[in-house]
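This is what each chain is made of:
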Amino acid sequence: MPIKITANYKSAFKDADIRGIYPTEIDDELTYLVARSFVEEFNLSKVLVARDMRLSSPTLHQAFLKGVTDAGAAVIDIGLMSTPMLYFASGQMDLPGVVITASHSPKNYNGLKLVLPGARPLTERQGLGSIRRRLEKGVFREVKKVGKVTTKDVSQAYQSFVLKGSKNDKLAGLNVVADCGNGMSSVIMPLLAEKLPVKFTTLFAELDGNMPSRGSDPTLRKNQKAIKGELKAKAYDFGIAFDGDADRIAFFDETGKYINCASIGAVIAKRILAKEPHGKIVYTNLTSRIYKEEIKRAGGRPVAARVGHAFIKQKMRKEDALFACEHSGHFYFKQFFYTDSVTLALRYVIEAYAEAKEQDLSFSAFMSPYIKYEQTEDVIVEVKDKHAALKQVRDWLAAKKPLSIKPLDGYVVDFGEVWGTVKISVTEHALKVMFEANKKAKAQALQDEVVAYIRSIA
């Protein structure tokens with residue numbers, strides 16, 4: 001007989017992770033069942049476990065430990081770590097693992113990001129669906145001996161890995177402000193400050209699951225007030241801000257202006273391609289057009305992928321791509337086990353700007369060649385049937401006679417002066433809309449029109 005689960009767990013199982021409101025969609029019971037099912041489904045003998053600073057993370061952490069050990073597997077508990085630090089440990093030790101986090105979601109959410117050995121992500125089709133079906137049955141094998149829990153600190157090994165080969169001689173004198181947002185970047189920043197000759201000033205560096213300083217997504221305007229105010233009030237070379245589990249990073253110039261992630265991605269891609277010419281670089285339909293243009297200009301080969309960390313990582317592995325950039329502030333590196341690393345992204349940018357600063361360029365001047373277009377902030381519009389709604393929007397856009405409308409993880413439409421994307425949301429019953437143009441007003445006008453239409457058919 002199928003097991004009865006208190007939480008509304010089906011809402012928590014997404015295409016690329018398990019995430020939901022605590023305790024109504026994810027709770028201790030579900031976490032325990034996921035852990036047992038994870039071990040049994042993949043016949044695991046040892047599992048890495050990490051967690052973030054959310055208020056519900058300690059109790060979910062204990063539930064996951066018990067689920068793994070009750071299934072007979074051992075646990076290596078690496079404690080309070082950012083999501084990329086879990087990826088590093090999984091890649092270096094070639095072990096499966098989990099980080100208990102809800103990433104950039106609000107404080108009342110929590111979740112599980114599961115990886116197989118080598119930091120390979122799970123998706124609904126590859127792993128998560130199997131785990132869900134197994135836990136629904138509620139039948140687990142008998143275990144003669146429960147597993148043991150040991151602890152391990154991977155901080156120093158992580159520090160050595162991400163800073164290996166850093167050109168420290170050029171970094172002296174750089175002055176950077178970092179908004180940690182009371183999240184897991186507070187664990188990372190001391191590791192960087194210890195080894196890099198850069199003056200780092202941190203804001204909201206205390207771990208706090210209440211997230212009192214701001215919302216967790218640093219790419220949203222409403223969450224950028226503190227970092228922009230600090231940059232305007234004091235003299236820094238540039239600023240950065242992180243999300244809750246520190247797998248996203250946002251950049252700001254010395255005046256406080258937010259820099260589109262694709263512009264940062266273009267800088268990084270060029271440096272990588274300078275060392276590995278003609279390599280493949282991954283983009284999505286939401287990354288600014290400048291990113292793809294700069295990849296081609298640098299001799300690289302752009303490769304399209306579906307939006308979402310697990311899908312991008314799968315595409316990178318399949319294509320043996322060197323790098324990927326996502327509009328949401330994720331930067332992925334082949335050298336980091338095809339996963340996202342805010343520290344490597346920061347390192348590449350710091351080193352690139354240090355060279356530019358020798359020519360007396362400000363950060364805004366350094367970035368100006370890559371800021372050719374302006375994007376709207378993406379909008380999510382709830383609909384009853386997102387697949388049906390997407391088709392209706394596609395037909396409506398086609399009737400407006402665009403230069404082109406192409407399927408790519410939704411639809412990419414080009415009107416010449418304005419272009420953009422309408423796609424299905426991975427995690428919600430909604431469509432996501434984002435447009436771009438030479439002038440933001442034009443992009444915003446079309447986005448407003450599209451959003452109004454979607455709401456009229458919702």
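On a predicted model such as this, the values are computed, not experimentally measured, just so you know. (Residues numbered from 1 in each chain as written. Predicted model: local features only at pLDDT ≥ 70, side-chain atom pairs only at ≥ 80, totals over all residues. Heavy atoms only, no water.)

**Student:** Which parts of the structure should I look at to understand the packing of aromatic side chains?
**Tutor:** Any two aromatic rings considered together are summarised by their centre-to-centre distance and by the angle between their planes. Tallied over the full model, the rule gives 20 aromatic pairs. Considering the side-chain rings of Tyr158 and Phe336, the 6.4 Å spacing of their centres and the 80 degrees angle between planes classify their relative orientation as edge-to-face. Pair noted here: Tyr158 is in helix H6 (residues 155-163) and Phe336 is in the loop between strand E16 (331-333) and strand E17 (339-340), with a separation of 178 residues, a long-range link. Cation over ring: Lys400 sits above Trp396, and NZ or CZ is 5.1 Å from the ring centre. (Phe/Tyr/Trp six-rings, centres within 6.5 Å; stacked < 30°, edge-to-face > 60°. Helix = DSSP H or I, 4+ residues; strand = E, 2+ residues; numbered from the N terminus. Lys NZ or Arg CZ within 6 Å of the ring centre and 35° of its normal.)

**Student:** How should the pairing of strand E5 (residues 109-116) be read in this particular structure?
**Tutor:** Consecutive residues of a regular strand have side chains that alternate between opposite faces of the sheet. Counting buried positions along E5 gives seven out of eight residues, so the element sits mostly inside the fold. Both strand E1 (residues 18-21) and E5 contribute to a ladder of four bridges, which runs antiparallel. Along E5, the bridge assignment pairs Gly20 with Asn110. Note that E5 and strand E6 (residues 120-121) share two bridges and pair antiparallel. Opposite Leu116, over in E6, you have Arg120 as the bridge partner. Hairpin connection, E5 to E6: the antiparallel pair is bridged by three residues, and Gly118 has positive phi, about 80 degrees. (Buried < 20%, exposed > 50% of the residue type's maximum accessible area, 1.4 Å probe, protein only. Pairing = 2+ DSSP bridges.)

**Student:** How should I be thinking about the pattern of salt bridges in this particular structure?
**Tutor:** The tally for this structure, following the rule as stated, stands at 30 salt bridges. Arg134 is the salt-bridge partner of Glu41, the closest N and O atoms lying 2.7 Å from each other. Here Glu41, found in helix H2 (residues 28-41), pairs with Arg134, found in helix H5 (residues 128-137); they are 93 residues apart in sequence, far enough to count as distant. Arg134 sits in the partly exposed class, given a relative accessible area of 26%. Residue Lys313 pairs with Asp340 through a salt bridge whose shortest N-O separation is 3.2 Å. Here Asp340 lies in strand E17 and Lys313 lies in helix H11 (residues 309-319), a separation of 27 residues in the sequence. The pair Lys313 / Asp340 is uniform in exposure class, with both members buried. Taken together, the shared-partner salt bridges connect Arg36, Glu40, Glu41 and Arg134 into one network. (Salt bridge = Lys/Arg side-chain N within 4 Å of Asp/Glu carboxyl O.)

**Student:** Help me understand the nonpolar core in this model?
**Tutor:** Generally speaking, a soluble globular protein has its nonpolar side chains buried in company with each other. Phe251, Ile268, Phe323, Phe331 and Phe333 are the most contacted members of the largest nonpolar core, which has 76 residues in total. Ranked by the residues each element gives to this core, the list is headed by helix H12 (residues 342-357), at eleven residues. Setting aside residues no more than four positions away along its own chain, Ile268 makes contact with Phe323, Phe331, Phe333, Ala345, Tyr348 and Val349. Counting residues in each nonpolar core, the second largest holds 31 residues, with Leu30, Phe64, Leu65 and Leu128 among its members. (Core = buried A, V, L, I, M, F, W, Y, C linked by side-chain atoms within 4.5 Å. Contact = heavy atoms within 4.5 Å.)

**Student:** Just checking my understanding: could you explain the packing of H2 against H5 for this structure?
**Tutor:** Each pair of packed helices can be summarised by the angle the axes make with each other and by the distance between the axes. Viewed as axis vectors pointing N to C, H2 and H5 meet at an angle of 115 degrees, and their least axial separation amounts to 9 Å. It follows from the interaxial angle that H2 and H5 lie roughly perpendicular. Crossing geometry of H2 relative to H5 is assigned as right-handed. Residue-level inspection shows Leu30, Leu33, Val34, Ser37, Phe38, Glu40 and Glu41 of H2 in contact with H5, the latter providing Ser130, Ile131, Arg134 and Leu135. Looking at the contact of H2 with H5 residue by residue, the classes come out as six nonpolar, two polar and three charged. (Axes fitted to C-alpha atoms, helices over the stretch in contact; angles between N-to-C directions. Parallel < 35°, antiparallel > 145°, perpendicular 65-115°, else oblique. Left-handed = near helix turned anticlockwise from the far one by under 90°. Nonpolar A, V, L, I, M, F, W, Y, C, P; charged D, E, K, R; others polar.)

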